[in-house]
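Survey of secondary and tertiary structure
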Amino acid sequence: HLQAGSGSSGRAQMVGFKEEIEKIKQLQGNESIIRHIGSEIAGNVARIVLEEGDKDLKAWIAEQRTAAGRGAFIAEEAVRRVWRQILDGVRTIHTFCPRIVHGDLKPANFLFVRGRVKLIDFGTCMKVPDDTINVAHGGSLLGTLNYMAPEAIEACHTEDAKYGIPRDIWSLGCILYAMVYGYPPFASFRGQLPKMQKII
């Protein structure tokens, strides 16, 4: 259940909801993508019904770290198995939706459904002119800081920052780091500004 605000910002939100629904529909039939069951838009409300998941990757990492014990790593075979499924999901959007960059890859956007990892949340997906690069529109910080690429952070400060599929690849690297160590690579930097500066 997604509800847009009023005025021009609300209209922009509704356009975003419609685009997200279309992206999910476009990717159906692939086991790496969350299954769309149905959706409707009425006024300023969008309702989307998706298959039910068990837990997200963030919860899985926490469970695995607890099971491994203090100071121990998650079993390598478990990391490999889940990592392959994560890559399948991202490969799907880069392959079947040419020129689409997800833009907000993080553990919370991967959901376990009956033991299978599926990619969810396509609200931040963006189209790029070719499969490698885009000219960003400055002014907003979209994404989750611990998993954001330097060029995505720079994009909020300039009109000509460039980013594309490498942005998703950076985020994937941060996710793998979190799977191995239990926390993302820049988690030790407190405060938004120091963390942004360090990532850049």
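Residues numbered from 1 in each chain as written. Predicted model: local features only at pLDDT ≥ 70, side-chain atom pairs only at ≥ 80, totals over all residues. Heavy atoms only, no water.

**Observations regarding the pairing of strand 2 (residues 36–42)**
Our working rule: When DSSP finds two or more bridges between a pair of strands, those strands are recorded as paired. A run of H or I in DSSP becomes a helix once it reaches four residues, and a run of E becomes a strand once it reaches two; helices and strands are each numbered from the N terminus.
Two strands pair when backbone bridges link them, and strand 2 and strand 3 (residues 45–50) are joined in this way by six bridges, in the antiparallel orientation. What sits directly across from H36, in strand 3, is L50. Taking the residues between adjacent antiparallel strands as the criterion, strand 2 and strand 3 are bridged by two residues, where G43 takes a positive phi near 65°.

**Some thoughts on unusual backbone geometry**
Notably, R114 is not glycine yet its phi reads approximately 50°, a positive angle. With respect to the helices and strands, R114 occurs in the loop between strand 6 (110–113) and strand 7 (116–119).

**Here's the deal with the sheet that holds strand 6**
Either a parallel or an antiparallel arrangement is found when strands of a sheet pair, and the pairing is made through backbone hydrogen bonds. Strand order in the open sheet formed by three strands is 4-6-7, with antiparallel pairing between adjacent strands. If you trace the sheet from one side to the other, it starts and ends with strand 4 (55–56) and strand 7, each paired once. Bridging between strand 4 and strand 6 involves two bridges; their strand directions are antiparallel. Its bridge partner lying in strand 6, D56 is registered against L111.

**Some thoughts on the packing of aromatic side chains**
Quick note on the threshold: Planes of paired rings set the category: under 30 degrees apart is stacked, over 60 is edge-to-face and the rest tilted, where pairs are Phe, Tyr or Trp rings (Trp by its six-membered ring) whose centres lie within 6.5 Å. Exposure classes here rest on a 1.4 Å probe applied to the protein chains alone. A residue is buried below 20% of its type maximum, exposed above 50%, and partly exposed in between.
All chains considered together, the criterion is met by five aromatic pairs. Ring geometry for W60 against F112: centres 5.9 Å apart, planes inclined by 25°, an arrangement best described as stacked. On the criterion of sequence distance, the pair formed by W60 in helix 2 (residues 57–68) and F112 in strand 6 is long-range, its members being 52 residues apart. Each member of the pair, W60 together with F112, is buried. Plain terms: the ring middles of Y177 and Y181 are 4.6 Å apart, the flat faces sit at 40° to each other, and that makes the pair tilted. Within this pair, Y177 and its partner Y181 are both found in helix 5 (residues 165–181), separated by four residues, close to a single helical turn.

**Some thoughts on the pattern of salt bridges**
Quick note on the threshold: Criterion for a salt bridge: a side-chain nitrogen of Lys or Arg within 4 Å of a carboxyl oxygen of Asp or Glu.
Under the criterion given, the structure shown has nine salt bridges. E76 is paired through a salt bridge with R80; the nearest N and O atoms lie 2.7 Å apart. Note that E76 and R80 are positioned in helix 3 (residues 76–96) at a spacing of four residues, about one turn of the helix. Shared partners join several salt bridges into a network, and the residues in it are E31, D88, R91 and R116.

**Things to note about the confidence of the model for the protein**
Which entries qualify depends on this criterion: Every residue is assigned a pLDDT by the predictor, reflecting its confidence on a scale from 0 to 100. Contact between two residues is taken to exist if any of their heavy atoms lie within 4.5 Å; hydrogens are not considered.
Scored by pLDDT, the protein has a mean of 78; 75% of the residues are at 70 or more. Contacts from residues 127–141, a stretch scored under 50 in pLDDT, to residues over four places away or in other chains number 48 contacts.

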